[in-house]
Structures are given as C-alpha cells and as structure tokens.
Amino acid sequence: MINFRSVNLYIILFALFALLLSITGIIRISFFEIISYTSILLGLSIFYKSLNKQNRVWVFIGSLIFQLGTIALVFTKFEILGFGRIIIPALLFMVGFSLLLANLANAASKMTYIVSILMMTAGIILMVNRGNTNLQLYLSSVYAILKNYWIIILAAIAIIYFTFLEIKKRNIDRD
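Small disclaimer: the values here were computed from a predicted structure and weren't measured.

Trainee: Account for the overall build of the protein, with residues named and values stated.
Mentor: Helix and strand content of the protein: seven helices and zero strands. Start at the N end of the protein and walk to the C end: the helices and strands fall as α-α-α-α-α-α-α. Out of the 175 residues belonging to the protein, those deemed buried represent 30%.

Trainee: Explain helix H3 (residues 56-77) to me, using residue names and the numbers behind them.
Mentor: An ideal rise of 1.5 Å per residue puts 32 Å on 22 residues; H3 measures up with 32 Å between its terminal C-alpha atoms. All buried positions along H3 are accounted for by Val 59, Gly 62, Ser 63, Phe 66, Gln 67, Gly 69, Ala 72, Leu 73 and Val 74. You can read the cap of H3 off the contacts: a side-chain oxygen lies 3.3 Å from the backbone nitrogen of Val 57, and it is on Asn 55.

Trainee: Kindly report on a nonpolar patch on the surface, identifying the contributing residues and their values.
Mentor: A cluster of nonpolar residues, Leu 146, Trp 150, Ile 151, Ile 153, Leu 154 and Ile 157, forms a patch on the protein surface that exposes about 570 Å² of accessible area. If one sorts the elements of the nonpolar patch by residue count, helix H7 (residues 150-174) sits on top with five residues. Following the sequence through the fold, Ile 151 ends up in helix H7. We classify Ile 151 as exposed; its relative accessible area is 51%.

Trainee: Give me the nonpolar core: which residues, what numbers.
Mentor: With seven residues, the main nonpolar core is built from Ile 40, Leu 44, Phe 66, Leu 73, Val 74, Tyr 149 and Ala 156. Sorting the residues of this core by element identifies helix H2 (31-53) and H3 as the ones contributing at least two each. Considering every element that reaches this core, the biggest residue donor is H3, with three residues. With residues up to four places along the chain from it excluded, the contact list for Ala 156 reads Leu 44 and Phe 66.

Trainee: With reference to specific residues and values, describe the environment of Gln 54.
Mentor: When you line up the elements, Gln 54 lands in the loop between H2 and H3. You can call Gln 54 partly exposed: its relative accessible area is 24%. Each C-alpha atom, one on Gln 54 and one on Phe 164, is 9.7 Å from the other, the two residues being 110 residues apart in sequence.

Trainee: So, the confidence of the model for the protein: which residues are in play, and what are the values?
Mentor: Model confidence for the protein is summarised by a mean pLDDT of 78, while 83% of its residues fall at 70 or above. Looking at the elements of the protein, mean pLDDT is at its lowest for H7, recorded as 72, and at its highest for H3, recorded as 85.

Trainee: Lay out the side chain of Ser 36 with the relevant residues and their values.
Mentor: When you line up the elements, Ser 36 lands in helix H2. Since its relative accessible area comes to 1%, Ser 36 is described here as buried. Those residues in contact with Ser 36, other than ones at most four positions away along the chain, are Gly 69, Ala 72, Leu 73 and Thr 76.

Trainee: Before we move on, can you summarise the environment of Asn 129 with the specific residues and values?
Mentor: Inspection of the secondary structure assignment puts Asn 129 in helix H5 (residues 110-130). When its relative accessible area of 59% is taken as the criterion, Asn 129 is described as exposed.

Trainee: Residue-level account of H5, with values.
Mentor: Under the 1.5 Å per step criterion, the end-to-end length of H5 is 30 Å for 21 residues, consistent within 8% with the ideal 30 Å. Within the span of H5, buried status applies to Thr 112, Ser 116, Met 120, Gly 123, Met 127 and Val 128. Down the axis of H5, the smallest arc covering the buried residues is 150 degrees, so these residues share one side. Turned more than 90 degrees away from the buried face of H5 sit Lys 110, Met 111, Leu 118 and Asn 129, all of them exposed.

Trainee: Would you mind going over the side chain of Gln 67 in detail, with residue names and values included?
Mentor: Among the structural elements, Gln 67 can be located in helix H3. On the basis of relative accessible area, Gln 67 is assigned to the buried category, the value being 9%. Residues within four places of Gln 67 in sequence aside, it is in contact with Met 94, Phe 97 and Ser 98.

Basis of the calculations
- Residues numbered from 1 in each chain as written.
- Predicted model: local features only at pLDDT ≥ 70, side-chain atom pairs only at ≥ 80, totals over all residues.
- Heavy atoms only, no water.
- Helix = DSSP H or I, 4+ residues; strand = E, 2+ residues; numbered from the N terminus.
- Buried < 20%, exposed > 50% of the residue type's maximum accessible area, 1.4 Å probe, protein only.
- Expected span 1.5 Å × (residues − 1).
- Polar contact = N/O pair within 3.5 Å; in protein donor to acceptor, adjacent residues only side chain to side chain.
- Patch = residues over 30% accessible without salt bridge, like charges linked within 9 Å, V, L, I, M, F, W, Y side chains within 5 Å.
- Areas by Shrake-Rupley, 256 points an atom, 1.4 Å probe, with all protein chains shown as cover.
- Salt bridge = Lys/Arg side-chain N within 4 Å of Asp/Glu carboxyl O.
- Core = buried A, V, L, I, M, F, W, Y, C linked by side-chain atoms within 4.5 Å.
- Contact = heavy atoms within 4.5 Å.
- pLDDT = per-residue confidence, 0-100.
- Arc of directions from axis to C-beta.

Structural data, given as structure tokens:
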C-alpha cells in the first residue's frame, strides 16, 4: 500500500523541482501549469486515500482539487473567451460531480444523487446559455479536451474503479 504522506511529499518535491527547472530556464513551464499539475496529483492522492477509507468529505475535497487543477490546466492550454461568464457554471458542475463521487463512496440517499445531478445539469445549461456557445460547440470543446487529456481521465477512472473493487472486497470480508 502506498503511504499517503510519502505521496504528498513526492507531489511537493515534483512542484519544487519543476519550479526550479522553470526558474533556471531548463524547461519552459509556467507557474500556473506547475500549480495545475500539482493540484491534479494532490487531488488524486487525497481522493484515492479518502475513497479507500470511505470518508465522504475528503473524497469531495480531493475530487474538487483534482477538477480545479484540470480546469486550470485547460485554461493554460486553450483560449477561453468570456471566462467570467463560465466560472459559475463550471463551479456548479464541479461541485455537483464531486458531490456525486462523494455519495458513491458511501450509500447515500436518492435525494443527494438528485441534487448532484441537478447541479451538474444546471452547470451545463448555464454554460451553454450564458456564453457565446451552443451545444455543438460545447460538445466539440469537450471532445478536444478529452482528446488531449485522455490519459489523466483514464488514470482517474482506473483509480476509482480499483478503489471501489477494494472497498467491495473489504465489505464482503467483514460480512
């Protein structure tokens, strides 16, 4: 089993090393990108450890940190017009998705699932309605992001899947 503290230490070392290489000019990476990658790794680390312990609050926080890092990385790689118009819808979607993942960690009420799905739907609808976009442009943007960051998405899905298998096995062994 991976020690949570050592993973966080490696994440901090990664950020400091990347910052040092950036300052010396050895690599060309912005401070915002370093923060983005660090948030993604830290969010995954917190999410995995918390999901394994079935701690809903930290699953929520880890998922939110991961998504904030991912969104920040997208903002560094793509030109986003009208950032002010989409921040509230994006936050609604992220909170709804994090709530959904936190509820999957433990059996939650149907009402909680409904609230999380409504928040995600509201975020998508607001993003389409508030911006200079339509559903086709939104879906093409989602496709472009998925195409560029598929490895991060697959890694997150794999972590979630294997953690759920481990939780299920642990619950069966207890019974």
